[in-house]
Amino acid sequence: MEQRVVRWIPPVLYTVVLAAGFYHAAVAAEEFGGARLAVFAAGLLALFALEAPGPGRAPAARLPAELLLAARVVLFTAVAVVDGSGVSRALFVLLPFTAYLAFGRRAALAWAAGCVGLLLTGLSVLVPGWWVRPAYVSDVLMFGLALALALAMAGAAVRERQARAWLEESYERLARYAERVAELATAEERARAAGEIHDSLGRHLTAVGVHLEQAEVFRGLEPEASARALATARRSVGRALAEVRESVSVLREVRPFPLVRSLTELVRYLGDDRLAVELTVTGDESGHDAGTLTTLYRAAQEALAGARRHGRVTRVEVRLALDGPAARLTVTDNGRGTARGAEPGRGVRGMRERVALLGGRVDILGGAGSSGGVAVTVTVPRRPPAGVSGAAAATAVTGWVTG
């Protein structure tokens, strides 16, 4: 709006003044002609040149504001002195108008007061007793009204300029925020994928490597043990492939992770004549999102792996409750617990961090040499809290994978 006003208002006013001056010269040639008319026309042409549009912006816009204002004062005065019609007094309305745009409200009010003072002084010198002559009083009132309108228009233009600048700055901030959100989302997705690889494929590959080493060691000494190790390795490979397919299906179809089915298969896979694993499920999965269900499954994996690895366990109970305000997974074994004073391993730290990102908690009871086994309880709210940052997820899971 500001550029449109600056470009069009002055030329329109110059055109009106020029037309009035030539009309006055036509009807009163003896009073307004010759040299005066030439100066009048030259001054207005100079003003038109000052406002003439160039490529993109007017030349006036490329001049210093002080120089532009001084040039207008000189040209307005020259035109007003030689103008016999008196219409050119309206040109001075542009002075507070342009001062508002260039220097602000206070400068504009000062210029407006100066213009009014100049008009009143000129009338008092040139027209004694003008205040009792209705025509001159009317001219003063109209000039004041024009100044008020000019100041109002300039104020609106300045406010629009400020609003536009604020909007542009807001758009830039919004664009930066959008880029940051995209970066965080990418980081979170990478972290989640890294966690899935670590928890699923990485764990199974480690187990396959261990079983293959066992098969190699026992190949000549105990063929049956070697065969059992190979069979276990094949089962691990099959289980890894199944989990990879399941994860890919969840990603492609954007559907909930099948927690109960996956836990059932995990229990069947781990259970044998040396370890009895019992699963109890209450409630329904439908009230929980895929992230919660996947986290609960990974927590069960870690707890069962820890029981087999550290506890001399012969029996494990897995209880999953999905019917309350929060999902609760409890894995209890009958082993001897962990060594007294042992620090939590990478898997336990990763489990805590991953559950914490969903607003949940992990409680471990009975470790440190306990004879009653270990109970791992994971509690996750039905819906994860809003505002979980991708950066936090990336930090947590990356620490789990690389710690």
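Residues numbered from 1 in each chain as written. Predicted model: local features only at pLDDT ≥ 70, side-chain atom pairs only at ≥ 80, totals over all residues. Heavy atoms only, no water.

Re the overall build of the chain
When helices and strands are tallied, the chain shows 11 helices and 5 strands. Across the chain, every contact between residues at least 6 apart in sequence was considered, and the portion connecting residues at least 24 apart equals 69%. In the structure as shown, the chain presents an accessible area of about 22200 Å², 63% of it carried by carbon and sulfur atoms. (Helix = DSSP H or I, 4+ residues; strand = E, 2+ residues; numbered from the N terminus. Contact = heavy atoms within 4.5 Å. Areas by Shrake-Rupley, 256 points an atom, 1.4 Å probe, with all protein chains shown as cover.)

Concerning the sheet that holds strand β1 (residues 276-282)
Strand order across the open sheet formed by 5 strands is β1-β2-β3-β5-β4, with mixed pairing between neighbours. The open sheet is flanked by β1 and β4 (361-365), the only strands paired with a single partner. Looking at each pair of strands side by side, their axes are set apart by 10 degrees on average, direction ignored. In this structure, β1 lies alongside strand β2 (residues 315-321), joined through 7 bridges in parallel fashion. Residue pairing in the sheet places Val-277 in a bridge with Val-316 of β2. In the packing of helix α10 (residues 346-357) onto the sheet, contacts are made with β4 and β5 (375-381), and the angle to β4 comes to roughly 145 degrees. (Pairing = 2+ DSSP bridges. Axes fitted to C-alpha atoms, helices over the stretch in contact; angles between N-to-C directions.)

Here we look at a nonpolar patch on the surface
Residues Trp-8, Val-12, Val-16 and Val-87 make up a contiguous nonpolar surface patch of about 390 Å² in total accessible area. In this fold, Val-16 is placed in helix α1 (residues 2-27). Among the residues examined, Val-16 registers a relative accessible area of 47% and is labelled partly exposed. (Patch = residues over 30% accessible without salt bridge, like charges linked within 9 Å, V, L, I, M, F, W, Y side chains within 5 Å. Salt bridge = Lys/Arg side-chain N within 4 Å of Asp/Glu carboxyl O. Buried < 20%, exposed > 50% of the residue type's maximum accessible area, 1.4 Å probe, protein only.)

With respect to the packing of helix α4 (residues 94-103) against helix α5 (residues 105-126)
At a minimum axis distance of 7 Å, the contact between α4 and α5 shows a crossing angle of 165 degrees. The angle between α4 and α5 places the two elements in the roughly antiparallel class. Judged by the sense of rotation from one axis to the other, the crossing of α4 with α5 is right-handed. Touching Leu-95, Pro-96, Ala-99, Tyr-100 and Phe-103 of α4 are Arg-105, Ala-107, Ala-108, Trp-111, Ala-112 and Cys-115, all from α5. Split by residue class, the contact of α4 with α5 holds 10 nonpolar, no polar and 1 charged. (Parallel < 35°, antiparallel > 145°, perpendicular 65-115°, else oblique. Left-handed = near helix turned anticlockwise from the far one by under 90°. Nonpolar A, V, L, I, M, F, W, Y, C, P; charged D, E, K, R; others polar.)

Digging into the environment of Val-140
Relative to the assigned elements, Val-140 resides in helix α6 (residues 134-218). Taking the relative accessible area as the measure of exposure, Val-140 reaches 18% and is therefore buried. Note: C-alpha distance between Val-140 and Leu-123 (17 residues apart in sequence) is 9.6 Å. When near neighbours in sequence (up to four residues on either side) are disregarded, Val-140 contacts Leu-119, Leu-120, Leu-123 and Trp-130.

A look at the confidence of the model for the chain
Within the chain, residue pLDDT values average 77, and 75% of them lie at 70 or more. Here helix α11 (residues 390-402) stands out as the element of the chain with the lowest mean pLDDT, 38, in contrast to β5, whose mean of 93 is the highest. Note on residues 55-61: pLDDT under 50 across the span, and 14 contacts to partners over four residues away in sequence or across chains. In this model residues 384-403 is a low-confidence stretch, pLDDT under 50, and it forms 35 contacts with partners more than four residues away in sequence or in other chains. (pLDDT = per-residue confidence, 0-100.)

Brief notes about the pattern of salt bridges
Summed over all chains, the structure comprises 7 salt bridges. Between Asp-139 and Arg-89 there is a salt bridge whose closest N-O contact spans 3.2 Å. Note that Asp-139 is positioned in helix α6 and Arg-89 in the loop between α3 (65-82) and α4, a separation of 50 residues in sequence. Arg-173 is paired through a salt bridge with Glu-169; the nearest N and O atoms lie 3.2 Å apart. Separated by 4 residues within a single helix, Arg-173 and Glu-169 lie in helix α6, roughly one turn from each other.

Observations concerning the packing of aromatic side chains
Under the definition given, this model contains 4 aromatic pairs. With a centroid separation of 5.7 Å and 85 degrees between ring planes, the pair formed by Tyr-14 and Phe-48 is classed as edge-to-face. Remark: Phe-48 occurs in helix α2 (residues 35-51) and Tyr-14 occurs in helix α1; sequence separation between them is 34 residues. Each ring, one from Trp-130 and one from Trp-131, has its centre 6.0 Å from the other, and the planes form 80 degrees; the classification is edge-to-face. A relative accessible area of 54% means that Trp-131 is categorised as exposed. Aromatic rings pair up to connect Tyr-14, Phe-48, Phe-76 and Phe-92 into one cluster. (Phe/Tyr/Trp six-rings, centres within 6.5 Å; stacked < 30°, edge-to-face > 60°.)

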